[in-house]
Structures are given as structure tokens and as C-alpha cells.
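Residue strings, one per chain:
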Amino acid sequence: MAWQPEENGLRQILQLLKESQSPDNATQRAVQQKLEELNKFPDFNNYLIFVLTKLKNEDDPTRSLSGLILKNNVRAHFEKFPAEVSSFIKQECLNSIGDPSPLIRATIGILITTIVAKGDLRNWPELLPALCQCLDSEDYNVCEGAFGALQKICEDSAEALDNDPSRPLNILIPKFLQFFKQQSPKIRSHAIACNLFYLASDDDTEVRKNVCRALVMLVEVRMDRLMPHINSIIEYMMMRTTDDDDTVALEACEYWLSLAEQPICKEVLTPHIEKLVPILVKGMKYSEIDIILLKGDVEDDEMVPDKESDIKPRFHRARSHNQKHQGEGGDGDGEGDSDDDGMDDDDSLSDWNLRKCSAAALDVLANVFREDILPVLLPILKEILFHANWEIKESGILVLGAIAEGCMNGMIPHLPELIPYLITCLADKKALVRSITCWTLSRYAHWVVGQPHEQYLKPLMTELLKRVLDANKRVQEAACSAFATLEEEACTELVPYLGFILETLVFAFSKYQHKNLLILYDAIGTLADSVGHHLNKPEYVSMLMPPLIEKWNVLKDEDKDLFPLLECLSSVATALQSGFLPYCEPVYRRCVSLVEQTLGQNLASMQSPDQFDPPDKDFMIVALDLLSGLAEGLNQQIETLVANSDILKLLYQCMQDPMPEVRQSSFALLGDLTKACFQHVKQCIGDFMPILGHNLNPEYISVCNNATWAIGEISIKMGPDMKEYVPVVLGNLIEIINRPNTPKTLLENTAITIGRLGLVCPAEVAPNLQQCTSLRNIRDNEEKDSAFRGVCHMISVNPGGVVQDFIFFCDAVASWVHPKQDLKEISCTVSRTRLGKTTGRSFLTSSQFLSESAWHTTMRCEQFLGAGYSGWTSSIFGREVGGNSPISLSGLAGGRVDFALGREGGEQGAGPLSTRWGILG
């Protein structure tokens, strides 16, 4: 008969366990003394295992504590345990390996591995077979508990397993491998970990590679399992990152990329960073085989035609309408282009190699450690950047580029010396040095643009343009990409140099082979986006357009090279405006034809899928985007072309396409046509508006964004006639603006559209005023102007709707830089006559007014309203605050105050209130 506890003894043990959890020191000492006394009784350990495994009505911490006390006793006295006690404990562990509580399963696993470590596997021969049998259980708890115990045994007794004469590994390893694809992540991580701890030092390359791969996987799914051994693992992975076999080193190097994503990365890596950084830097140097594969000794290859296999597939990114924010550009919704890793200078190598991985690892670690990594890195950089060996020098330039994002602040004091040196490296005799220097300089372009142009920008621009015309194709590519980055950073700062820039880029048309020609299109399109209408000069148009139109005429409708060319032409058409008129008609008609052809092919494919393949809809998307560019650039001058085509009928079909990118470009074109020639769009509004309302779905951010923008443009053109469509769209717009975590761009476009609806239909929109107070941080423009007027109209209709959010209205008012005079007057009239003293008093008693930022905001409102409105706040509030003088915020701050909802003198930021009034401002 199995051992059973005495009731009184069990009660005393439980009481002791409860007392041991007391924070009182005296109680703890008393418990410790009782434990030492109880250890004199052999069956005390039976009581402990009984509480751990049998008393499931007790709380888990008490049961677990009982097991941990037993574990300590095993560690200290196991060889003195009577045989019957040892057997009872072992049997109970196996019987309860699948306890429902994860804490109890983990405690039993710890107890098992402690017994194995003390008593030797040979003294418990039934253990491994029993645990293996448990792995096949359909009960998740039994399987997970057995795996947890096996993992701990593998961690603590790997050598014993390997040396056991019965060779248990021959059975265990295949068993573990079966679970590598198990549905449960926890089971998978157990299975992997069980294999790792006795395979890490294997002589076989494949084994070491798989160990590294498994450790990377564990970092991603169960970092907690690695933490007890993290220092040993880091040391091991550093050793493997320098493995003689590059495939092993690459697998190990992946570990640093995964570890960098963990919140604990900096804490665990700090003791090792001085050793790790030189390892990564060393890995960034080209190997001899790399140089051979790259034909690094070939300097002039511009006359060698590209192989089709050298040209990567290109994917078009559909057009999106976004607001420009104060002090920034881009869409802000996380859908932009990802940063180029800049290490595509070795395309002919495998897509991913040790050099790229080492550079990427240093990049992400620089973002984790920031300037703290520089004391380790700068001495290394000083040595290798100026090295006589070109391969080492090249790796140093790559290092400098890799740390640019993470360590920019720390690097700024060194850039006045480093940038001129890098510019000289653009003329290095080795093509691989020239190409990587292009990329590294692009990473510091933002700093360069902010410095004196004669000292940095002009020399950099001059040398980069020389490299655009380099005799080496790899350098041409790197220089073109780097110059595009410089264009984005410099924008209109490049206007004085446009003639020189265009001469160079146009000459490149005659030099470039197929692959680099596609990159050249991007550089020209980016230039057009950056300088805008400044490109519309006859001498620039006559230089730029002939080579583009020549390529346009050569390419067939089914040629995918049309994608980058149409993208380029879209930007150029928008920038040239009327300067594009001589070229617009054939371009317009071909775009309409591409849309029509694609729709026809799609219909044929749907009706007869066995006979016709689905079309590549990217042709339709780029055509729609170029039509948008034409409409935006030509404005009313596109009217005749629209009148003589079926574009609106085709657009109606495109707006209902199941592919989101097609709908996105369709709504962009609809908005641009609305602005350019509304007389043709108006007749289709009844068909278009329900489709637009249906697409106000933030699950597709860019589609929703463009639909929202198009509705705003239509509202301005429709005027009061928009009334019948307000119910179709307003509810969804309100839902978007109040939705948590709405992307910034979508939030701003939605706020502007609601404001515009309020401008033309104030009575219909005003009841929702309090729900849609989300207007902030948009640069002064016509869209902001109309939306702000709409808000004022809505306040006139529903002044009570703004009382609770008055500070945010002040925020929106305060953000204007150059408002129109009549807008000032409208705002003041609304504030004085519509809001009045009631609003002022309500605001004064609210928590909003009690913050320092409220004073700054309201003072900026006075600045916005200008001369004659000093003391405007007093006239609204009509009362005194905390003293005998009336409120006048004009004297609260001497000098300039940059309002950003609680920030002074800094750049504007959305802050915690960004989902309220702020967006219009």
C-alpha cells in the first residue's frame, strides 16, 4: 500500500509552509529552525512531495514552495534518503508530470533534474522511457510537463546523457525532432532547447549551424528559457560568429538581429559589447571569394549589357494623397518605403551573406545602444577608415554608414572632418570603395543639407554627379540612389543647381544599361517631387522631356519597364504643370488605353478563366497614377482630354476593383479630377459617393485615406448640394477619427474632410462637433483653410459643442503661420459672439485651463488674431483669475513660445492630445 500522511502531521506541515511565506524576519527564522528539526525525520520528505503533487485544493505557491524545499533537501541529503522515500518521490514526480498548473509542472521538472544530478541517471533507469512515453500523450499538460523536465535534464546533465552507455541520445534526439513543427510554440521551444545544450560544441558544421539557428528561434519565441544561461549563450554565439565556416558564422550572426528586438538586449549585451563590436566589424569586410564573385578588379564595365537575371522585379506603389506636416514630410502612416539597407552593392552574391548580416546587426545594435556604443567603435573606425588596405578601408566606410541612424547625435562632432574625407573617397580608384561611399554619404545627407552649402552640399553634389556618370555600373547605381536621397533631403535647396543636375541626369540616359536606367527614372522623379514647379522652365523642359518621351515611345504596353517610367512621368507632369502641355495628349490617351485594356483582360479572365490569364493590374495602377499627375499638373487644362474620353466610366469600374491598390489609385485620380474639371465629375457623383462611403474602412489605410481626401474635395465643389450625401459618409468619418491608434495621416485627412463638410453643410455636421475635434499640425494650405472655416461655421451653429474642448480650438487657431485676413476675422467673430462668456467661464473652471500649456496656447491665439485683438481672452472669459487684474496672456512670456501642448521652445509634437482639436493647426 502506498505511503499516506498522518492528518495531524500534514496539518503542521501546511501551517509551516504558510508561515514561511510571511515577510516577518522573526517568523522566517522560526520556520527555518523547524525545517532543520523536521529534516531529522525520514518521512518528512514524503510529506513535502505529497503536498506538491496531491493537495490540489491548496494554492499553487504553497505547493510549489513545498517542492522547492524538497529540492533543497535532495541537493543536500539525497544520498541519505531511505530507498523507500527516494522511490516514493520519484514515482510521484512521474505521476504528476502533467499537473494542470504550469507552476507545479515547472517545480516537478526542477525536482526531477536535481534528483538526476545527485543520483546519476543510471540510478533512475525508468525516468527517460517514462518521459518519452509522456511526450506522446494527447494531454497537452502531460506533454509539456515531460518536455520541461527533459529540457532541464539536457541543460544540467548534457555530458551524462552523452556518456551514458545505453546511448539515450539515439532515442531522444529523433524524438525531439518530431516536435520541431508542433503547433504549440512552448512545445517547439522545449524540443529545440533539449537538443541545444549537448550539441553546441559538435564538430560537425551542420550541427553547429542548426544549434545557432535554434538559439535564434528561441530568442524569438521563448527568451525566458535562455535567460538563466544568457551569458554563456552570448559567449558561444560570439565564438560561432567567427566560425571558420561562413554558413555557421551567418547563422550565428542572425542571433544579434533577433536579440536586438528584445527589451532586455542592452542589459544582457552591455558586459559583452566590447568583444562583440570588433567581431561584427570584422565580418563586414569583403572576403577574397566575395571580391572574385563581384569582379572587384573590374573597374570599367559600363559598356557590358545587363543580363535579365541581374534586374530585380519592380513593384509599383500606388499614389497616396497626404498632408505635409509642419517641419516634416511623408505620409506618417508607416506605409512609406523602408530604408534601403544600402548593402545591395553585392547583388551578385547571395541575397544574404555574413557581410550584410554583420552590417545589419551593427545597425540595429547602434539603435539600441545609441552613443554608448561609440567609445568602443570610434577607436576601431579611426584605425580602419584610413587603412592602406582598400578592403579594410571599404569595411570602415560601411561601418560608418551602418551606425548613422543610431549614433547620429554622437557622430555630429566628428562629421565636419569625416564628410570631406568621404567626399574624397568618391574618387577612390577602387569601384567597391566608391560605391559604398555613395551609400554612406546618403545616410548623412540630412546633416549635410543643414550645413553651409559651399562647404558641404556643393562639393558632395558635384562629386556624386560625377559618380552618376562613373564608368562602373555598380557605382552608377549607388550614386543614383544616393543622389535621390540627397534630393529628398535638400528639396528646393537644389533649385540653383538644377541646370547642372539635369545635364548630368539626361546625359546618363546615353550611358546607362537596362538596370541602371530604371534607377535613373527614380532619381529624375524624385528630383521633380523635390523641386516642384521650379522645374517648369523652357530650358529645363527641353532638356528633360525628349529622352523621357523617346523611352515612352519605344516601350510596348506589356513591357514592365513602363512601371518606373510612368512613375517618373507622373512626378514630372505634376512638377512641370503647363510645361507638360505639349506632351500631354499622347500620354493621356495611352494611359486611358492601358486602363481599358487591363479592365477588359480582367473581365475576360473572370468569364473564361481556362482561356485567359488574369492581367497584371500594376499596368492599370501606374496608368491611373500618371493620369492623377496630369490632372494635378495641368489642372483645368486637362478638361478637353477628359471630355473626349471614357475615363469616368472606367474610373467607376476601377473604384470597385477587389484589389486595394487599384481602388487607392482610383480615389486619388477622382480627387484630382474633381479639382481640375468638376463639371465632368459632378454628373457621376450619385454613383461615386456610395462607393466612397463603403471604402471608409481604416483596415485598408491608404485606400481609406484617399477616399477620405476625395470626399473632402468633392464637398468643396458640391457646396450645399452635398447635403444629401452627408449621411452616407459622416458616420464612418466620425468613427475613424475616434478610433484608437488611427494613423496620423488618415486622422488629419479625416479631420480636414469633416471640416470641409461642415463648411458646406454646417447644420448637418455641427451636432457632431464635440465628437470630431481632431484638427492639428498641418502646414498652412488651402485644404487647412477650408477645413478651419468649416469648423468656425459649425461653432456658429452649435457653440455648445466646443465648450469642453475649447483649449484644442485655441490650439488649432494658434498653429496658423500665415492665415488669410478674413479667416482671422471669422475666427475672432466666432470666438467673441458665438462662444461668449459662458464658454469662457466653463473653460476657466475646467482642468484644461489649469495647465501651463493652456496659457501658451491661448496667448498664441492672440498672436494669430493680430493687432487689435490683444486681451482677446479677457473679452471672452470676462473675469479675473487668482488676482485683481483681468486675464491677458500677451505678457506671460517674454520672447517666442513654440506651443506643442506642454512643450516650450521645441519642435511641435502631437502629445497626448493629438486626437482632439490639434490636427487642423
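The following paragraphs examine the structure supplied in this document. These figures come from a predicted structure and were not determined experimentally. Note that residues are indexed from 1 along each chain, following the sequence as it is written. Only residues with pLDDT of 70 or above have their local features reported here, since the model is predicted, and side-chain atom pairs are shown and tallied only from 80 upward, although totals for entire chains, interfaces and linings are computed over all residues. Based on all heavy atoms of the structure, the side-chain values leave hydrogens and waters out of the count.

**A closer look at the overall build of the protein**
Elements are defined by DSSP. Helices are runs of H or I of four residues or more, strands are runs of E of two residues or more, and each kind is numbered from the N terminus. Within the protein, the secondary structure is distributed over 47 helices and 0 strands. Between two residues, a contact is recorded if the distance between any of their heavy atoms is within 4.5 Å. Counting contacts in the protein only where the partners sit at least 6 residues apart, residues at least 24 apart contribute 76% of the total. Of the roughly 40,000 Å² that the protein leaves accessible, carbon and sulfur atoms contribute 51%. Using a 1.4 Å probe, the Shrake-Rupley method yields the accessible areas, and only the shown protein chains count as cover for residues.

**Concerning helix H29 (residues 514-531)**
The length a helix should cover is 1.5 Å for every residue beyond the first. With 18 residues, H29 extends 27 Å between its outermost C-alpha atoms, agreeing within 8% with the 26 Å of an ideal straight helix rising 1.5 Å per residue. Per-residue accessibility, obtained with a 1.4 Å probe over protein chains only, is compared with the maximum for each type, and a residue is labelled buried under 20%, exposed over 50%, and partly exposed between these values. Of all 18 residues that make up H29, 15 are buried, and the element is covered over most of its length. Positive backbone phi, approximately 60 degrees, marks Gly532, located one or two places after H29.

**Quick notes on the pattern of salt bridges**
Note on definitions: salt bridges are taken to be side-chain nitrogens of Lys or Arg within 4 Å of carboxyl oxygens of Asp or Glu. With the rule as written, the count across this model stands at 29 salt bridges. Salt-bridge contacts for Arg105 lead to Glu144; the nearest nitrogen and oxygen are separated by 2.8 Å. Here Arg105 is found in helix H6 (residues 102-119), whereas its partner Glu144 is found in helix H8 (residues 140-156), with 39 residues between them in sequence. When its relative accessible area of 4% is taken as the criterion, Arg105 is described as buried. Via salt bridges that share partners, Arg434, Glu463, Lys466, Arg467 and Asp470 belong to a single interconnected network.

**Some details on the packing of helix H1 (residues 7-20) against helix H2 (residues 25-38)**
If you want to describe how two helices pack, look at the angle between their axes and the distance between the axes. As a packed pair, H1 and H2 sit with axes 9 Å apart at the nearest point and diverge in direction by 145 degrees. Classified by chirality, the crossing of H2 by H1 is left-handed. Contacts between H1 and H2 pair Ile13, Leu16, Glu19 and Ser20 from the former with Thr27, Gln28, Val31, Lys34, Leu35 and Leu38 from the latter. Any residue outside Ala, Val, Leu, Ile, Met, Phe, Trp, Tyr, Cys, Pro, Asp, Glu, Lys and Arg is labelled polar, Gly included; the first ten of those are nonpolar and the last four are charged. Looking at the contact of H1 with H2, its residues break down into 5 nonpolar, 3 polar and 2 charged. Between N-to-C directions, angles span 0 to 180 degrees; the directions come from axes that are lines fitted to C-alpha atoms, helices contributing only their stretch in contact. The crossing is said to be left-handed when, going from far helix to near helix, the turn is anticlockwise and less than a right angle, and right-handed when the turn is clockwise.

**Section: the nonpolar core**
In this structure, Trp256 and Leu630 are the most contacted members of the largest nonpolar core, which totals 210 residues. For this core, the element with the highest residue contribution is helix H33 (residues 618-634), accounting for 11 residues. Those residues in contact with Trp256, other than ones at most four positions away along the chain, are Ile234, Met237, Met238, Thr241, Leu269, Leu276, Leu280, Ala361 and Val364. Residues grouped as a nonpolar core are buried Ala, Val, Leu, Ile, Met, Phe, Trp, Tyr and Cys residues, joined through side-chain atoms within 4.5 Å. Residues Leu52, Ile89, Ile104 and Leu128 belong to the second largest nonpolar core, which totals 46 residues.

**Remarks on the side chain of Asn472**
With respect to the helices and strands, Asn472 occurs in the loop between helix H26 (453-468) and helix H27 (473-490). On the accessibility criterion, Asn472 (1% relative accessible area) is buried. Nitrogen and oxygen atoms within 3.5 Å of one another constitute a polar contact, given that in protein one can donate a hydrogen and the other can accept it, and given that sequence-neighbouring residues count only through two side-chain atoms. Within the structure, the side chain of Asn472 is placed 3.2 Å from the backbone nitrogen of Val475, a separation counted as a polar contact.

**Focus on the side chain of Thr753**
Assignment of secondary structure puts Thr753 in helix H41 (residues 744-760). What makes Thr753 buried here is its relative accessible area of 1%. At a separation of 2.8 Å, a polar atom in the side chain of Thr753 contacts the main-chain carbonyl oxygen of Thr708. If we ignore the near neighbours within four places in the chain, the residues touching Thr753 are Thr708, Trp709, Ile711, Gly712 and Leu733.

**Remarks on the packing of aromatic side chains**
Ring geometry is summarised as follows: Phe, Tyr and Trp rings, the Trp one being its six-membered ring, pair when their centres sit within 6.5 Å, and such pairs are stacked at plane angles under 30 degrees, edge-to-face over 60 and tilted between the two. Under the defined criterion, the tally for this structure stands at 11 aromatic pairs. Centre to centre, the rings of Phe386 and Tyr421 are 4.5 Å apart; their planes meet at 50 degrees, and the pair counts as tilted. Of this pair, Phe386 sits in the loop between helix H20 (374-384) and helix H21 (390-402) while Tyr421 sits in helix H23 (residues 415-425), and the two are 35 residues apart along the sequence. Counting every residue linked through ring pairs, the aromatic cluster contains Trp3, Tyr47, Phe50 and Phe88.

**Here's the deal with a negative patch on the surface**
Together, Glu488, Glu489, Asp522 and Asp529 make up a region of like negative charge exposed at the surface. Among the elements of the structure, H27 and H29 are those that each provide at least two residues to the negative patch. The topology assignment puts Asp529 in helix H29. Within this analysis, patches are made of residues with over 30% relative accessible area and no salt bridge. Like charges are joined at 9 Å or less; nonpolar side chains (Val, Leu, Ile, Met, Phe, Trp, Tyr) at 5 Å or less. Charged residues are defined here as Lys and Arg on the positive side and Asp and Glu on the negative side; His and the ends of the chain fall outside this count. A charged residue contributes its charge at one atom only: NZ of Lys, CZ of Arg, CG of Asp or CD of Glu.

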